[in-house]
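Structure assessment
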Amino acid sequence: MILVYLIGILMGGGLLALMLGQWNKNLSRWIALCALSTGFIALLFFWIDQYRTINIHLSNPWMIDYRHDWIPLFGISFHLGIDGLSLLLLVLTFFLGILAVLCSWNDVKERVGFYYFNLLWILAGISGVFMAMDLFLFYFFWEMMLIPMYFLIGIWGSENRVYAAYKFFIFTQASGLLMLLAIIGLYFIHGRNTGIYTFNYFELLGTAISPGIAFWLMLGFMIAFVVKLPIVPFHTWLPDAHSEAPTAGSLILAGLLLKTGAYGILRFVLPLFPQAARELAPWAMLFGVIGIIYGAILAYSQTDLKRLVAYTSVSHMGFVILGIFAFNELALQGVVMQLVTHAISTGALFIMAGMLKERLHTRDINHMGGLWTEMPQMGAIAMLFAMASLGLPGLGNFIAEFLILVGAFKANVLLTIIATIGLIFSAIYSLRIVQKVFLGPSERQDPVHDFSFREIMVMAALTLSIVWLGLYPQPVINTVKPMINKLEYIFPIENKNTQKENHQATPLNAHQYRVKKQE
Amino acid sequence: MNNLLWLVPTLPLVSFLILALAGKHVSRVWVAIIGAGSVSLSAIITLIIGISFLSLPPATGNYSQTLWTWMQVGGFNPKITLFLDALSLIFVFVITFIGALIHIYSVGFMADDKDYSRFFACMNLFVFSMLLLVLADNLLLLYLGWEGVGLCSYLLIGFWYENPANGYAARKAFIITRVGDTAMAIGLFVIFYQFGTLVIPDVLAKAPILWHQGAYMATITALLLLAGGVGKSAQLPLQTWLPDAMAGPSPVSALIHAATMVTAGVYLIARMHVIFQLSPIAQMIVAVIGTATLFIAGLSALTQYDIKRVLAYSTISQIGYMFLALGVGAWTAAIFHFVIHAFFKALLFLAAGAVIEALHHEHNMFKMGGLKNKLPVIFWTFLVGSASLAALPLISAGFYSKDQILWYAWASQSGNPLLWFIALLGAFITALYTTRMMILVFWGEAKTAIGHHPGKLMTVPLIILAFFSLFAGFIELPHNFGHFTLFSNLLHQVLPETVLKAGINTELQFQVLASLSTFGGIYLAYIFYYKQPQRIEKLKQSGFAMNLYFFWFSGWGFDKLYNVLIVKPIVFIANINKNDVVDKLYQGITFVTIRLYQSLSFTQSGSLRWYVMGLVIGAIIILSIQIML
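The structure presented is a predicted model; accordingly, all values stated were derived computationally and were not measured.

**What to know about the overall build of chain A**
Within chain A one finds 20 helices and 2 strands. Relative to the 2.2 N^0.38 estimate, which gives 24 Å for 519 residues, the radius of gyration of chain A is 23 Å and therefore close to what a compact globule would have. Over its C-alpha atoms, taken along the principal directions, chain A stretches across nearly 85 × 55 × 45 Å. Per-residue burial over chain A gives 58% buried out of 519 residues. When contacts within chain A are restricted to residue pairs at least 6 apart in sequence, those whose partners lie at least 24 apart make up 80%.

**A few points about the domain arrangement of chain A**
Residues and elements named next belong to chain A. Parsing chain A into structural domains produces domain 1 (1-272) and domain 2 (276-519). A separation of 22 Å is found between the C-alpha centroids of domain 1 and domain 2. Facing the 46 residues of domain 1 at the interface are 47 residues of domain 2. Residue assignment for the side of domain 1 that touches domain 2 shows that the elements contributing at least two residues are helix H2 (25-54), helix H3 (84-103), helix H9 (211-228), helix H10 (237-244) and helix H11 (247-272). Per-element accounting of the side of domain 1 that touches domain 2 gives the leading share, 14 residues, to H11.

**Section: the nonpolar core**
All names here are of chain B. Ala 346 and Val 355 are the most contacted members of the largest nonpolar core, which has 439 residues in total. The greatest single-element share of this core, amounting to 22 residues, is contributed by helix H15 (residues 331-358). Those residues in contact with Val 355 that lie beyond four places of it in its chain are Met 368, Leu 371, Leu 375, Ile 378 and Val 441.

**Some details on the domain arrangement of chain B**
Domain annotation for chain B reports domain 1 (332-531) and domain 2 (579-628). The straight-line distance from the C-alpha centre of domain 1 of chain B to that of domain 2 of chain B is 86 Å.

**As for the packing of helix H12 (residues 274-301) of chain A against helix H17 (residues 413-438) of chain A**
If you want to describe how two helices pack, look at the angle between their axes and the distance between the axes. Residues and elements named next belong to chain A. The contact between H12 and H17 brings their axes to 9 Å, and the two run at 20°. Compared by their axis directions, H12 and H17 come out roughly parallel. In terms of crossing hand, the pair formed by H12 and H17 is left-handed. For the pair formed by H12 and H17, the contact residues are Met 285, Leu 286, Val 289, Ile 292, Ile 293, Ala 296, Ile 297, Ala 299 and Tyr 300 on the first element and Leu 415, Ile 418, Ala 419, Gly 422, Phe 425, Ser 426, Ile 428, Tyr 429 and Arg 432 on the second. A per-class count over the contact of H12 with H17 returns 15 nonpolar, 2 polar and 1 charged.

Quick notes on the rules
- Residues numbered from 1 in each chain as written.
- Chains lettered and ligands numbered in written order.
- Predicted model: local features only at pLDDT ≥ 70, side-chain atom pairs only at ≥ 80, totals over all residues.
- Helix = DSSP H or I, 4+ residues; strand = E, 2+ residues; numbered from the N terminus.
- Rg over C-alpha atoms; globule rule 2.2 N^0.38 Å.
- Buried ≥ 20, exposed ≤ 12 C-beta atoms within 10 Å, placed from the backbone.
- Contact = placed C-beta atoms within 7 Å.
- Domains from an automatic or database assignment.
- Core = buried A, V, L, I, M, F, W, Y, C linked by C-beta atoms within 7 Å.
- Axes fitted to C-alpha atoms, helices over the stretch in contact; angles between N-to-C directions.
- Parallel < 35°, antiparallel > 145°, perpendicular 65-115°, else oblique.
- Left-handed = near helix turned anticlockwise from the far one by under 90°.
- Nonpolar A, V, L, I, M, F, W, Y, C, P; charged D, E, K, R; others polar.

So, in structure tokens, the structure goes:
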């Protein structure tokens, strides 16, 4: 039941904030904060409780399950369930949710009630995505997080917000429809095979599909997820949406919405279509590497701070794709770490970009510089997160990227080497941020103030998390271990190697055959 | 006492945390006490550990202390483990001891700086990272220290951040060393897949079993590690960051050049010596890189007018000697030169810093002069440091360490006359530029008035360092006189002995040649810069000499080359694609859609005539089609 309560508290909190916001703006802030904090604390207790038994039940990754019929006629049920990965991402959702509320505390002044309604409903949608074990329900939540986000960007964004909101909506909606087609296709194939028409994830697992169709169905899911993630060339909605969204919006976009794409691949694409995923792997890894380099180079050339950070996300998400399609434990653990640490580090950078915008009324880094003198605290924290973003050991992102690269090295040496070179580029753009914003001479006349108490609390939470994950990531690793073991079970490495050889052998034989024929 | 080991890196770390978190609220006196005190305490603990390590050596020759398991993923479980053996003990000693002296000096040197606590915080973090680097028992932890050192160098080179040039130098240092680090990271991947572990002793134990002599994988691994070392140690072709790294305060330069950072590459190669031994090609490359670097950097040092840049190029050159020694298998000689170099280079930088401060931040040697009598303590200590750098025979420590390398460059099994000859030439150049620097700064007429005299906090560390620059050489004496091998005996627990070529028995003539080259250099500088300065003027008339001068002065054009080949193209691509060419595709789609809808909505004009006309034309078309069919 805790799963239902988690969504319920967000949706209910949102409605309450909307209604009470008419009378008192402060009330809706506090309601949002309370709703998220309650959920967060409940999740933490749940995590601690589960953590004790995690290593005992290595074979069964599922922790808790809730099922209730919804539309039995079509085999649709309200089915929620979580494993380590879902739990981790839920904790992350509520954690970033609290920060999102805190960093829009003074930022948002208009239509406060509706703002927090949207914020909480986005988070409810995201939580639902991480929990839904019924494909119809999953699609429902997938769409549910989209619409409030559209409002959030379109109403509370900056100058070019309407364009950005449309772009975001159309990209995700169009790709989402492909997924819906794929879901329905899968539903009918499974129904025809077995006579049971159901959207239940567990029953759809292991559906026998002919390879040709499986590939197309897989592609339907895949496109929805990689647009969200995003990978090059489907990334262009992201810089616009990120830079125009309000601070909390950017935080949720970068920290959570992108993660739903990665989650979808891990949860649906790999287990439902293992064979097709394997065929796609070299291409996916290639696109991942292209994203790493392309995103980094674009990040370097940006002058809009939020756009710059948005492109670094493109680069970092390239690592995620690279790691997922390496199909081994090290890389997959790295991917999960990357999801968490990227949410924290990029979230922190977006929050600071928002704080700077609030103080300087610009996002253009050419109009900043020399801010260290007046804001040494923010400078130091920005330095720390720039270092996290370039993968400095001791901070969480390093663990993630190192594990991904070590894992990917096993699968594809050449692509991994190129991806590793991406680390040089990440150093170049990260240091550029610090230099342009905080160092150099200051041209400013009017004073700016350093962190306020509320801002210190937000940044302290993020800083502690990223250092903790960098020095002792074991709790995260252990939590997702059963789930990753299960995934790895679908992709045994020995099989993969022999397959590769066979794959290479076939065209060679064909070639030889042709040569013989000519003779 | 060995279980105190964890305190050695922890103390500077704690001090860093205190200063970073609460630096604003700590008074300057306490900043100095915490900042310099923590490193000094580490140095004292190191001495205690060192004494107990030497008097009661552990049975295995090493001691390790596991603090916690960093992570455990599949078969990959790096631990936070400190590992102490003779090699790391020597490095820890140098880092903490010289680090402490530099910190004490900084208390005086930085006394007027507004960012006092930030300075000490970064310096402490620097010492911590370097200690972690040399104490790490696995390559991942070593990599943590390795990158931490890079971060701290970035923070400290760009310490005076208001000047964008300093920021540029800092970024250059970070990014160029990062190029090497990336290659090293790939090296770690290779090692992990070959051995299934990154624990250094395990890797070294397994390597000779898994790889035969000259194995292809050994060469690749060694070269990847070497690339990391080349970056951090500022060797060819990644040496260009070091001369610019002078942007930071002088104690920072002393710390980077003597105790930390640039010696990391030497440490890495010495630590992973088994892999290098398995690949004669890689070892040859190490030696060639070292030799080429020492020669190129030496000639560049000869042409600089900024005193700190002379010292910077001399560091590159001296590290080149260490690489040469590593390359010819003279492992202990390399480490010996590292120790001696650390003493005299720290001394030279700190003394140069005192000179610069006394002369109102004047870096140009041609505007100095005549300081011999005005700053006697600085003069004498600087003289000792210079003598050691120039390897003045018998009395300076630098002679004993450098002579050993020269001798092995010829006599070791993988030595070779050409390497020896260039190294000898390098010794001559070293003496030449060192004497030039001495004469320009301390002799002749005074060109800049002295602002203020260095205090006790600054001079005492100089005197201590001068003492070691003179006498530290006596812990290792050549075969032909004394044959006292305290240092190499200790190191031979870890590093193999140098194998000599057969049939070589006389070291004496090499020592005579080395001494002659030193004296030759000193004499030449004396003629050109003191006795007959008009000769320099005459040389300046010749176009060829001036071209050569500018070529050397610019560091052999490496900066320009990289700028044209790498930096410019990447910046160009980044800038033309600023608006993301991929987005054009989607903009194209919207554009077509909008045009289409506009042209269609054009027909919806609201005027009845048009609609009737449309109907009629439509009807005609349909009818005519029907008729025709």
